[in-house]
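# Secondary and tertiary structure notes
The lines below spell out each chain.
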Amino acid sequence: MKYLHFILGIALFFGIRQFEITAFDSSALGLALWMVYWWITQPVPLYLTALLPIAVGVPFALIPNDILAQSYGNQMIFLFLGGFILALGIEKWKLHEQIAFSILRLFGRSPQRIIGGFMVSTALLSMWISNTATALMMLPIAMSVIQAIPRFREKRLFSIGLLLSIAFSANIGGTATLIGTPPNIQMAGILEQEFGMSISFFEWFLIGTPFMLIMLLITFFTVRFYFIKNAKFEMGAIEPRKLDPNQKRVLYLFLTVVGLWMGRTLLNDYMSIVINDTVIALSGAILLFVLPSTEKRPLLIWEDLTQLPWGILFLFGGGMALAAILAEANIVSFLVDVMKPLAGFPIFILLLVIFTVALFATELMSNLALVSLLIPLIAKFALELDLPLLGISAGVALSASCAFMLPVATPPNAIIYSSNMIKIKEMVKYGFLLNLIASLVVTCVIYVLFFI
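Overview of the structure. (Residues numbered from 1 in each chain as written. Predicted model: local features only at pLDDT ≥ 70, side-chain atom pairs only at ≥ 80, totals over all residues. Heavy atoms only, no water.)

Our next topic: the side chain of Gln98. As for its position among the elements, Gln98 is in helix H7 (residues 95-107). Given the relative accessible area of 9%, Gln98 is considered buried. In this structure Gln98 touches Arg241, Lys242, Leu243 and Gln247, once residues within four positions along its chain are discounted. (Helix = DSSP H or I, 4+ residues; strand = E, 2+ residues; numbered from the N terminus. Buried < 20%, exposed > 50% of the residue type's maximum accessible area, 1.4 Å probe, protein only. Contact = heavy atoms within 4.5 Å.)

Positioned with a positive phi, Lys94 is a non-glycine residue whose angle comes to about 55°. Turning to its location among the elements, Lys94 is positioned in the loop between helix H6 (75-92) and H7. Taking relative accessible area as the criterion, Lys94 reaches 46% and is therefore assigned partly exposed. Unusually for a residue other than glycine, Lys296 sits at a positive phi of about 70°.

For the rest of this paragraph, the subject is the packing of aromatic side chains. Inspection of every chain in the model, using the stated rule, returns 17 aromatic pairs. Arranged with centres 5.2 Å apart and planes meeting at 80°, the rings of Phe13 and Phe60 form a pair that is edge-to-face. Here Phe13, found in helix H1 (residues 2-16), pairs with Phe60, found in the loop between helix H4 (52-55) and helix H5 (65-72); they are 47 residues apart in sequence, far enough to count as distant. Here Phe60 falls in the partly exposed class, since its relative accessible area comes to 31%. Between Tyr447 and Phe451, the aromatic rings sit 6.0 Å apart at their centres with planes inclined by 15°, giving stacked as the arrangement. With Tyr447 and Phe451 both in helix H21 (residues 424-451) and 4 residues apart, the pair spans about one turn of that helix. Looking at Tyr447, the relative accessible area reads 24%, which means it is partly exposed. By relative accessible area, which is 23% here, Phe451 ends up partly exposed. These aromatic residues form a ring-pair network of at least three members: Phe6, Phe13, Phe14, Trp34, Trp38 and Phe60. (Phe/Tyr/Trp six-rings, centres within 6.5 Å; stacked < 30°, edge-to-face > 60°.)

Counted under the stated rule, the structure contains 2 salt bridges. Between Lys92 and Asp304 there is a salt bridge; the shortest N-O distance is 2.8 Å. On the criterion of sequence distance, the pair formed by Lys92 in helix H6 and Asp304 in the loop between helix H14 (277-288) and helix H15 (311-328) is long-range, its members being 212 residues apart. Accessibility expressed as a relative area gives 29% for Lys92, which makes it partly exposed. Using a relative accessible area of 13% as the deciding quantity, one classes Asp304 as buried. Arg156 is the partner of Glu426 in a salt bridge, and the nearest nitrogen-oxygen pair spans 3.3 Å. Here Glu426 is found in helix H21, whereas its partner Arg156 is found in helix H10 (residues 155-173), with 270 residues between them in sequence. (Salt bridge = Lys/Arg side-chain N within 4 Å of Asp/Glu carboxyl O.)

A few words now on H14. Structurally, the α-helix is built with 3.6 residues per turn, so residues lying three or four positions apart point the same way. Helix length check: H14, at 12 residues, gives a terminal C-alpha distance of 17 Å against a target of 16 Å (1.5 Å per residue), a fit within 8%. For H14, the complete set of buried residues consists of Asp277, Thr278, Ile280, Ala281, Gly284, Ala285 and Leu288. Looking straight down H14, one finds its buried side chains confined to an arc of 165°; they lie on one side. One side-chain oxygen of the residue at the start of H14 lies 3.1 Å from the amide nitrogen of Thr278, identifying that residue as Asn276. (Expected span 1.5 Å × (residues − 1). Arc of directions from axis to C-beta. Polar contact = N/O pair within 3.5 Å; in protein donor to acceptor, adjacent residues only side chain to side chain.)

Let's shift gears to the packing of helix H8 (residues 111-126) against helix H12 (residues 201-228). Between H8 and H12, whose axes approach to 11 Å, the crossing angle comes to 145°. Considering only the axes of H8 and H12, their crossing is right-handed. Contacts from Pro111, Gln112, Ile115, Gly116, Met119 and Ala123 in H8 reach Leu216, Thr219, Phe220, Val223, Arg224 and Ile228 in H12. The residue inventory of the contact of H8 with H12, partitioned by class, reads 8 nonpolar, 3 polar and 1 charged. (Axes fitted to C-alpha atoms, helices over the stretch in contact; angles between N-to-C directions. Left-handed = near helix turned anticlockwise from the far one by under 90°. Nonpolar A, V, L, I, M, F, W, Y, C, P; charged D, E, K, R; others polar.)

A few words now on empty space enclosed by the protein. This structure, assessed with the given rule, holds 2 cavities of 30 Å³ or more. In this structure, the largest cavity encloses a volume near 40 Å³. Considering the residues around the largest cavity, the lining is formed by Phe80, Gly83, Phe84, Trp128, Ile129, Ser130 and Ile179. Residue composition of the lining of the largest cavity, by class: 5 nonpolar, 2 polar and no charged. (1 Å grid on protein atoms, 1.4 Å probe; cavity = no way out; pocket = protein on both sides within 12 Å on 5 of 7 lines; lining within 4 Å. Points joined across faces, edges and corners; volume = space filled by probe spheres on them.)

Nonpolar side chains collect at one region of the surface, where Leu260, Leu267, Met271 and Ile273 lie side by side and expose about 300 Å² of accessible area between them. Looking at where Leu260 falls in the secondary structure, it is placed in helix H13 (residues 245-268). What makes Leu260 partly exposed here is its relative accessible area of 31%. (Patch = residues over 30% accessible without salt bridge, like charges linked within 9 Å, V, L, I, M, F, W, Y side chains within 5 Å. Areas by Shrake-Rupley, 256 points an atom, 1.4 Å probe, with all protein chains shown as cover.)

Next up on the list: the layout of surface pockets. Of the pockets and cavities examined, the second largest pocket occupies roughly 290 Å³. Forming the walls of the second largest pocket are 16 residues, and the residues nearest its centre are Ala32, Val36, Leu326, Leu335 and Leu373. At the level of elements, helix H2 (26-41), helix H16 (331-339), helix H17 (347-361) and helix H18 (367-384) are the ones that each hand at least two residues to the lining of the second largest pocket.

Below is the structure:
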């Protein structure tokens, strides 16, 4: 079956490019559908599919070399790279475990406090570390808690709620920051490359954080209602742990980077040079290779970067290259003209429809791939109708991160499902409910921030 999908993707491209279409270049449409088909069926890794704009776009003259280079070398990709390296430093010295245990100890030992502590820990870490790494780190902690709690009639129900709360919180937490989840940074990169709009770390924080807090609170009450309303037990005390010198050094550097991200605009007003979020992220990453650890060598060494998910950087570049190809071929303009009748809808209903479609579509394909396809279209549509460009685009990016239904939708879902304690029908049941809630929350947040 894998080889069949491989051949069908190629056949799709060559079949579609045979059609003579006056409105746009059929070869570009063929490449887009080829990439989407492979992103869904995955006969090759997602990251290799993202290289098709180079392997196919160049020989078929679908994208100029300079735009291709800008796509794969976009500064937003290097912002994410810097964030990855900082997260690697946090993981190497197990600072994330210290943070998680400290929050759990702070929250308390009753069932709803345990759930609340896990959700806050997971969301907080997911803001700065990939949601995949966060879920991987929180799962064994949750399993040890499940084993430690005393037996009671609803223990399995509580266990399901605890595990699902980790998957849900890992997806939700990343929405608060630009580096928290790939759709955010991809959206920012496309808006900068195709529309000349730059989004700072702090600007996104002001959009993503309200959504994250509201969604996290609603998710907590949903989990509490379905899973822990009858649970009664008391966990043993969690012993306090002190930060070791290496953890302190990583923490101080990380807090400095976050502080500079938040205050960059103010800082640039008093400096003769201008710095951006990417400069700050990479400077912090470089310092990890300079600052010494107690082991007589730097906090990070080059060999540590073998754990870095390099492939996702290609996925970013491929998504931005595809966006450029669709724009060059006039496909985006054509689709915007097709969508114009939607302008007659009340603005709230229009937003709800767009964000709901984006949210449920991401259950079937990579959220990064989805954003790569939708943002150029939705952004151009917003400009044509004189709607806030950032608002519409931000809503799509937030929606793409809220895939709660299926194990294949996001890595945190798959990781939690791998515990063998949750059935697919249980994830679908509660995930579908959260999907509906999330589409409404995204719409309300964007409507309040940009339309009132």
